[in-house]
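# Observations on the three-dimensional arrangement
Residues per chain are reported as follows:
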Amino acid sequence: MPHPTAPVTADDLDLAVRLAIAALREAPQEAWDAKAGSLEWTCWETVEHLSDDLFAYAAQLAPRTPPTDGEVPFVWESKRSGGPANAIHADRDAGAAGLLQVLDACGGMLSAVVRCTAPDVRAHHVFGASDAEGFAAMGIVETLVHMYDLADGLGLPWEPPADLCARVLGRLFPGAPQDTDPWATLLWATGRGDLPGRPRVTSWRWYGSPRS
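Let us look at the structure shown here. Since this is a predicted model, take the numbers as computed values, not measurements.

## Regarding the overall build of the protein
Within the protein one finds 6 helices and 0 strands. For the protein, whose C-alpha radius of gyration is 16 Å, the value lies close to the compact-globule estimate of 17 Å for 212 residues. Counting all 212 residues of the protein, 53% fall into the buried class. Taking the contacts inside the protein whose residues are at least 6 apart along the sequence as the reference set, 69% of them involve residues at least 24 apart. In the structure as shown, the protein presents an accessible area of about 10000 Å², 53% of it carried by carbon and sulfur atoms. Put simply, the protein has 16 plus and 28 minus side-chain charges, and the middle of one group is 4 Å from the middle of the other.

## Details of the side chain of R167
In this structure, R167 sits in helix 5 (residues 162-172). A polar side-chain atom of R167 sits 2.7 Å from a polar atom in the side chain of D12.

## Section: helix 2 (residues 43-61)
Under the 1.5 Å per step criterion, the end-to-end length of helix 2 is 28 Å for 19 residues, consistent within 8% with the ideal 27 Å. Among the 19 residues of helix 2, 19 are classified as buried, and the element is accordingly described as predominantly covered.

## Let's talk about the environment of W206
Positionally, W206 belongs in the segment after helix 6 (182-189). Those residues in contact with W206 that sit more than four places away from it in its chain are Y57, H125, F127, M138, V141, E142, L172 and F173.

## Remarks on the state of the cysteines
With the rule as written, the count across this model stands at 0 disulfides. Unpaired in terms of disulfides, C43 finds its nearest cysteine sulfur in C106, a separation of 18 Å.

## Topic: helix 5
With respect to burial, helix 5 is a largely interior element, 8 of its 11 residues being buried. Of the residues making up helix 5, those classed as buried are L164, C165, A166, R167, V168, L169, R171 and L172. Elements that come into contact with the buried residues of helix 5 comprise helix 1 (10-24), helix 4 (132-154) and helix 6.

## Observations concerning the layout of surface pockets
The volume enclosed by the largest pocket comes to roughly 350 Å³. As for the largest pocket, its lining consists of 20 residues, of which D53, A56, Y57, E71 and H125 are closest to the centre. No other element matches helix 2, which puts 7 residues into the lining of the largest pocket. Its residues assigned to classes, the lining of the largest pocket shows 11 nonpolar, 5 polar and 4 charged. Taken as a whole, the second largest pocket spans an internal volume of roughly 170 Å³. Along its surface, the second largest pocket is lined by D33, T42, W44, E45, E48, K79, R80, G83, P84, H89, A90 and R92. Partitioning the lining of the second largest pocket into residue classes produces 3 nonpolar, 3 polar and 6 charged.

## Regarding the packing of helix 1 against helix 3 (residues 95-116)
Closest axis-to-axis distance for the helix 1/helix 3 pair is 9 Å, and the angle between their directions is 175°. Considered as vectors, helix 1 and helix 3 are oriented roughly antiparallel to each other. Within the contact between the two elements, helix 1 uses A10, D11, L13, D14, V17, I21 and L24 and helix 3 uses L100, L103, D104, G107, L110, S111, V114 and R115. Classifying every residue of the contact of helix 1 with helix 3 by side-chain character gives 9 nonpolar, 2 polar and 4 charged.

## Let's talk about the pattern of salt bridges
Per the stated rule, a full pass over the model turns up 12 salt bridges. Close ionic contact of D14 with R115 constitutes a salt bridge, the shortest N to O distance being 2.8 Å. With D14 in helix 1 and R115 in helix 3, this pair connects stretches of sequence that are 101 residues apart. We classify D14 as partly exposed; its relative accessible area is 25%. The exposure class of R115 is partly exposed, given its relative accessible area of 45%. Between R80 and E45 there is a salt bridge whose closest N-O contact spans 2.6 Å. Here R80 is found in the loop between helix 2 and helix 3, whereas its partner E45 is found in helix 2, with 35 residues between them in sequence. On the basis of relative accessibility, which here comes to 11%, the residue E45 falls in the buried class.

Cut-offs applied
Residues numbered from 1 in each chain as written. Predicted model: local features only at pLDDT ≥ 70, side-chain atom pairs only at ≥ 80, totals over all residues. Heavy atoms only, no water. Helix = DSSP H or I, 4+ residues; strand = E, 2+ residues; numbered from the N terminus. Rg over C-alpha atoms; globule rule 2.2 N^0.38 Å. Buried < 20%, exposed > 50% of the residue type's maximum accessible area, 1.4 Å probe, protein only. Contact = heavy atoms within 4.5 Å. Areas by Shrake-Rupley, 256 points an atom, 1.4 Å probe, with all protein chains shown as cover. Lys, Arg positive; Asp, Glu negative; His and termini not counted. Charge placed at Lys NZ, Arg CZ, Asp CG, Glu CD. Polar contact = N/O pair within 3.5 Å; in protein donor to acceptor, adjacent residues only side chain to side chain. Expected span 1.5 Å × (residues − 1). Disulfide = S-S within 2.5 Å. 1 Å grid on protein atoms, 1.4 Å probe; cavity = no way out; pocket = protein on both sides within 12 Å on 5 of 7 lines; lining within 4 Å. Points joined across faces, edges and corners; volume = space filled by probe spheres on them. Nonpolar A, V, L, I, M, F, W, Y, C, P; charged D, E, K, R; others polar. Axes fitted to C-alpha atoms, helices over the stretch in contact; angles between N-to-C directions. Parallel < 35°, antiparallel > 145°, perpendicular 65-115°, else oblique. Salt bridge = Lys/Arg side-chain N within 4 Å of Asp/Glu carboxyl O.

Below, the structure written as structure tokens:
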């Protein structure tokens, strides 16, 4: 299946976050402190990290003059040794429902900023300056692949729409094969799965440079 060149949109990001939240609502309450797949973080921490990713991407694009040489200087810190360094932490007393509301809010922030940002605006990312479409695609990749980690830790089914996977592959992973299943290819490109006839990816990155 060729990876489509249709642009990645805020609606795509909304879909990814909505599907993630719907899946996570089915998680058993006792599973949130389990490890998330191959990560060293708990499932709770991984949702916080995902929320933090979406928030951070919104924060990079939101200033009137977005930074092109570094990150907006929020304080990122871990709550425990080995945990993710986040600006966003959910109130544990609010339970899983509160955690998912934090994820929903951060996804909504990024979607809103993507919708309001002119296509010629650029902002810093460690993998290279990107535009609003690129940050939307990054948020989708973070959501889809961390949901793979979470689904493993929480014992949930998870398989996102193939066309959504294909669009973010086309936007961020130009070297990925185009004749393979998009979800399997995205997992392979992010070091989480195998593709027949191709070596396992042990070090990966995406390419957020705006389309020419």
